[in-house]
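# Observations on the model geometry
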Amino acid sequence: MLNRRHIRIKILHILYGFYQDEDSDSVKAKNALDHSITKMHELYLLLLNMIAGLQVIAIDRIENARKKQIPSAEDLHPNTKFVRNATLRILANSKNLQKASEELGVSWANNQKLLRNMFRDLITDEEYKNYMDSEDRGFQHDKESLVRMFRKNLVNQESFHYMLEEESIFWMDDLDLASSMVIKTLKSIKEDDDEVELLNVWRDDDDDKKFLEGLFTKTLVQGEINENLIKEGAQNWELERIALTDRILMKMALAEAKEFPTIPLKVTLNEYIELSKYYSTDKSHGFINGILDQLFLKLVEAGEIKKTGRGLV
């Protein structure tokens, strides 16, 4: 499920494109934001289908080995522990996953070669070998081993990352969150389940949706006002000399501070400082901290920032 930090990241990406485009269009930008949310859901389903698809490849590998002209003893009596993995079998047979994937057009049909290569890489991995050689049996053992194989090998393969970069500009940034959703989904599967309970992108309440809508809209609406505040706060800097990413982060932070009374100022400040460490220059976090700290104080004193409930903490 989307968390607040990931929502901020998505808005940052869309606004970066918006402010670079001479023919910027807020409606197109909002559509792009909505599209990025859909793409994250697609990635979640793609990862689940990746795991499920490995069972078919493993079965084919066993069958092809048996059809050799001179099969070895191992070919005739293969280790079928992976293809019989109970958690994997439930996932591979999930009607919920099949239906959701069909609705969004998510499939590995055009990337079967990549999937086979990923399986070949997996079977050389220590995690896979330890699982296949282990005498441990049982549903929990199957589940925990499958999660480890996914986390340590499958999701980290370079060829897979290259495919993600080719398919969508959003997916590499979404990978960590989508992977955590996959792990949560796998861990939720029980031995007597006939189906897989898929996660929604959004939580059951509308708080995060409202946060995304409000933060995106208010950052744009208050763009000029907040840019003047930033210019005033950075007295020794010309606005054009401040990195675009830093300006957008500060605009977002100011809009969030003013428009979301239940979010504490310390939380807002820390969130945008952390984002600057990852998405901007080495010195940006100190610069942003200094500017926002003084602007927040000024706006609180002027009554333009008012906090209630949790926001008072």
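My aim in this report is to walk through the structure given alongside it, one point at a time. (Residues numbered from 1 in each chain as written. Predicted model: local features only at pLDDT ≥ 70, side-chain atom pairs only at ≥ 80, totals over all residues. Heavy atoms only, no water.)

## Describing the overall build of the protein
Inclusion rule: Strands here mean DSSP runs of E at least two residues long; helices mean DSSP runs of H or I at least four residues long; both are numbered from the N terminus. We call a residue buried when its accessible area falls under 20% of the maximum for its residue type, exposed when it is over 50%, and partly exposed in between, using a 1.4 Å probe and counting protein chains only. Should any heavy atoms of two residues lie within 4.5 Å, those residues are considered in contact. Here the open area of atoms and residues is found with the Shrake-Rupley method and a 1.4 Å probe, where only the protein chains shown may cover a residue.
Scanning the protein for helices and strands turns up 15 helices and zero strands. Counting only C-alpha atoms, the protein reaches 80 × 40 × 35 Å along its principal axes. Here the protein, with 313 residues, has 49% of them falling under the buried criterion. Partitioning the contacts of the protein with sequence separation of at least 6, the portion at a separation of at least 24 is 80%. Approximately 17100 Å² of the protein is accessible, and the part contributed by carbon and sulfur atoms is 46%.

## Examining the nonpolar core
Generally speaking, soluble globular proteins have nonpolar side chains that are buried together. Which entries qualify depends on this criterion: Here, nonpolar core refers to any group of buried Ala, Val, Leu, Ile, Met, Phe, Trp, Tyr and Cys residues whose side-chain atoms link them within 4.5 Å.
Within the largest apolar cluster, 99 residues are counted, with the highest numbers of intra-cluster contacts made by Leu47, Met50, Phe82 and Phe160. Broken down by element, the residue count for this core peaks at 17 residues, all from helix α2 (residues 26-66). Excluding its chain neighbours within four sequence positions, the residues that come into contact with Phe82 are Leu54, Gln55, Ala58, Leu88, Phe119, Leu122, Tyr128, Tyr131, Met132, Leu146 and Met149.

## Brief notes about the side chain of Ser179
Positionally, Ser179 belongs in helix α10 (residues 171-188). With a relative accessible area of 8%, Ser179 lands in the buried category. Not counting the four nearest positions on each side in its chain, Ser179 is found in contact with Leu47, Phe150 and Val155.

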